[in-house]
Amino acid sequence: MMVGDISLHLTIGAAVPSPGPSAKPERADGDFAEAVLTGFARRPRSIPCRFFYDAIGSELFEEITRLEEYYPTRAETALLEVHRAEIAREVGGGRVLVEFGSGSSRKTSLLIGALGQVPAYIPIDIAAESLKEAAEWLSGQHDGLAIVPLIADFTKTRTLPAVAQRRQRLGFFSGSTIGNLTHVEAQAFLANAARLLGKGSAFLVGVDLKKPASILIPAYNDTRGVTAAFNLNLLARINRELDGDFDLSRFAHDAIYNAMQGRMEMYLVSLARQSVRVLGREFVFAEGERIHTENSHKYTVPEFQALARASGWHAVKAWTDPDRLFSLHLLQLD
Ligand code: AVI
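Residues numbered from 1 in each chain as written. Predicted model: local features only at pLDDT ≥ 70, side-chain atom pairs only at ≥ 80, totals over all residues. Heavy atoms only, no water.

**Section: the overall build of the chain**
Counting its secondary structure elements, the chain contains ten helices and 14 strands. Its C-alpha atoms give the chain a radius of gyration of 20 Å, within 12% of the compact-globule value 20 Å for 334 residues. Expressed as a percentage of its 334 residues, the buried residues of the chain come to 54%. Residue pairs at least 24 apart in sequence account for 71% of intrachain contacts in the chain once pairs closer than 6 positions are excluded. For the chain, the separation between the mean place of its 36 positive charges and that of its 39 negative charges on side chains is 6 Å. (Helix = DSSP H or I, 4+ residues; strand = E, 2+ residues; numbered from the N terminus. Rg over C-alpha atoms; globule rule 2.2 N^0.38 Å. Buried < 20%, exposed > 50% of the residue type's maximum accessible area, 1.4 Å probe, protein only. Contact = heavy atoms within 4.5 Å. Lys, Arg positive; Asp, Glu negative; His and termini not counted. Charge placed at Lys NZ, Arg CZ, Asp CG, Glu CD.)

Below is the structure:
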């Protein structure tokens, strides 16, 4: 097992003992400091979107998923509800379920319910707390479900616990988190997932569809300002963890649709020329200067299928809703 893959010693239900040496998670505080200092030295300045998800950011994200304007969670859940029997038929029974990112437990629960017999569930996530919460909730929903959480960076995981090695596997990557990766990173992720899950495995991936900017922009800039708070929490997190002195009222949230790249882009915009200190260093922001914080790529069904094929997967089937908001792809590894 590679350093960075560490199993959480949490036994839930009939959990199978999980292997793994004790190693440090790859994303410790040092990682945040390094990412911010590197991102602020570049032009345009940037902060990687994975740092949104501290405890406050994760709560704000949960709130985003309940917003009227943010359709992806509702659309994906509805797709799972409507097509669960067909998905279960296509996937077949008896597979170990491997989830990339601990995701929304509700979606996972729907999938587990539809599949019926799931010998073990392996959620992979770097955030130990959310893994634990999701695992506890799911064990309450599915009596006797063996849950073997893996604290790891799911983009780099190289090995699965022993329980997964004796059976066929089904991967699950929901919420269009794949859209937060560049095309090159997404292809590398899918290729790594193919190696990890192995021959004969299936993979269910939720992917946000391309659509008019008039629907996308409100989804990333809601009227209640929850997405703005989620974005600005990055600066608050720098203040909390990296001895920063950002004045949050002097930055604004912005979300644009980049049609050429087919993605939503989020920024924090400096409302004045100002100087900010982080870890004892001074950074000067010009009025109107933008800090890039997230890309969220959108795919047509054929675009995503081409990406999956280029990563070694066979595209079996794609389900979309009548409003063409979201897609669920079933991939297979021959
Ligand atoms: C987690 N991820 C798929 C979300 C998205 O839609 O890109 C994160 C998010 N950013 C703003 N709103 C939600």
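Read on for the rest.
**What about the pattern of salt bridges?**
Evaluated as defined, the whole model comprises 14 salt bridges. Between Glu 81 and Arg 106 there is a salt bridge; the shortest N-O distance is 2.7 Å. One end of the pair, Glu 81, is in helix α3 (residues 72-91); the other, Arg 106, is in helix α4 (residues 105-115), and 25 residues separate them in sequence. Of the charged contacts, one joins Lys 210 and Glu 303 as a salt bridge, the two residues approaching to 2.8 Å between their closest N and O atoms. Separated by 93 residues along the polypeptide, Lys 210 in the loop between β7 (202-208) and α8 (213-220) and Glu 303 in helix α10 (residues 301-310) bring together distant segments of the chain. A relative accessible area of 30% means that Lys 210 is categorised as partly exposed. With relative accessibility at 33%, the residue Glu 303 sits in the partly exposed group. The network of salt bridges with common partners includes Asp 208, Lys 211 and Lys 298. (Salt bridge = Lys/Arg side-chain N within 4 Å of Asp/Glu carboxyl O.)

**So, the environment of Arg 74**
Tracing the backbone through its elements, the reader meets Arg 74 in helix α3. With residues near it in sequence (within four places) discarded, Arg 74 still touches Thr 65, Arg 66, Leu 67 and Glu 68.

**Here's the deal with the nonpolar core**
Core analysis: the biggest nonpolar cluster contains 62 residues, and Phe 40, Leu 204 and Ile 238 have the highest contact counts within it. For Leu 204, the residues in contact, after removing those within four places along its chain, are Leu 80, Ile 87, Leu 111, Leu 170, Gly 171, Phe 172, Phe 173, Trp 319, Leu 328, His 329 and Leu 330. Phe 154, Leu 160, Ala 193 and Trp 313 belong to the second-largest nonpolar core, a separate cluster that totals 35 residues. (Core = buried A, V, L, I, M, F, W, Y, C linked by side-chain atoms within 4.5 Å.)

**Quick notes on the site of the ligand**
In the region of the ligand, 14 residues are neighbours, and Tyr 70, Asn 180, Tyr 220, Glu 294 and Ser 296 sit closest. A distance of 2.9 Å separates a nitrogen atom of the ligand from a polar side-chain atom of Asn 180. Take Ser 296: an N or O atom from its side chain is 2.7 Å from an oxygen atom of the ligand. Here the shell around the ligand is built from residues that sort into seven nonpolar, six polar and one charged. (Near = heavy atom within 4 Å. Polar contact = N/O pair within 3.5 Å; in protein donor to acceptor, adjacent residues only side chain to side chain. Nonpolar A, V, L, I, M, F, W, Y, C, P; charged D, E, K, R; others polar.)

**Observations concerning the sheet that holds strand β12 (residues 290-297)**
As summarised here, the arrangement of the four strands in space is β2-β12-β9-β8, forming an open sheet in which the pairing is mixed. A single partner strand is all that each edge strand has here, and the edge strands are β2 (45-46) and β8 (251-258). Of the pairings in the sheet, the one linking strand β9 (residues 263-270) to β12 comprises seven bridges and is antiparallel in character. Paired with Val 269 across the two strands is Arg 290, which belongs to β12. The sheet strands contacting helix α9 (residues 226-241) are β8, β9 and β12, and the helix crosses β9 at an angle near 60°. (Pairing = 2+ DSSP bridges. Axes fitted to C-alpha atoms, helices over the stretch in contact; angles between N-to-C directions.)

**What about the side chain of Asn 258?**
Here Asn 258 shows up in strand β8. For Asn 258, the side chain forms a polar contact with the side chain of Glu 265, separated by 2.7 Å. Apart from residues no more than four positions distant in its own chain, Asn 258 is found in contact with Arg 263 and Glu 265.

**Some remarks on α3**
Taking 1.5 Å as the rise per residue, α3 with 20 residues should run 28 Å; its terminal C-alpha atoms sit only 23 Å apart, a clear shortfall. Where α3 bends most, the angle comes to about 70°, and this point is His 83. Within α3, burial applies to Pro 72, Thr 73, Ala 75, Glu 76, Thr 77, Leu 79, Leu 80, His 83, Ile 87, Ala 88 and Val 91. On its buried side, α3 packs onto α2 (55-65), α4, β6 (169-173), β7, β13 (314-320) and β14 (326-332). A positive backbone phi angle near 80° is found at Gly 92, which sits one or two residues after α3. (Expected span 1.5 Å × (residues − 1). Bend = angle between axes of the 7 residues up to and from the residue.)

**A closer look at a negative patch on the surface**
On the surface, a cluster of negative charge is made up of Glu 59, Glu 62, Glu 129 and Glu 133. Elements with a contribution of two residues or more to the negative patch: α2 and α5 (128-141). Tracing the backbone through its elements, the reader meets Glu 129 in helix α5. (Patch = residues over 30% accessible without salt bridge, like charges linked within 9 Å, V, L, I, M, F, W, Y side chains within 5 Å. Areas by Shrake-Rupley, 256 points an atom, 1.4 Å probe, with all protein chains shown as cover.)

**A short note on the confidence of the model for the chain**
Residue-level pLDDT values for the chain average 90, and 91% of them are 70 or greater. Counting contacts from residues 1-28, a segment whose pLDDT is below 50, to residues more than four positions away or on other chains yields 70 contacts. (pLDDT = per-residue confidence, 0-100.)

**Looking at the packing of α2 against α9**
The geometry of α2 relative to α9 is characterised by a closest axis approach of 9 Å and an angle of 180° between their N-to-C directions. By the angle class used here, α2 and α9 are roughly antiparallel. For the pair α2 and α9, contact is made by Ile 56, Gly 57, Leu 60, Phe 61, Glu 63 and Ile 64 and by Val 226, Thr 227, Ala 229, Phe 230, Asn 233 and Arg 240, respectively. Classifying every residue of the contact of α2 with α9 by side-chain character gives seven nonpolar, three polar and two charged. (Parallel < 35°, antiparallel > 145°, perpendicular 65-115°, else oblique.)

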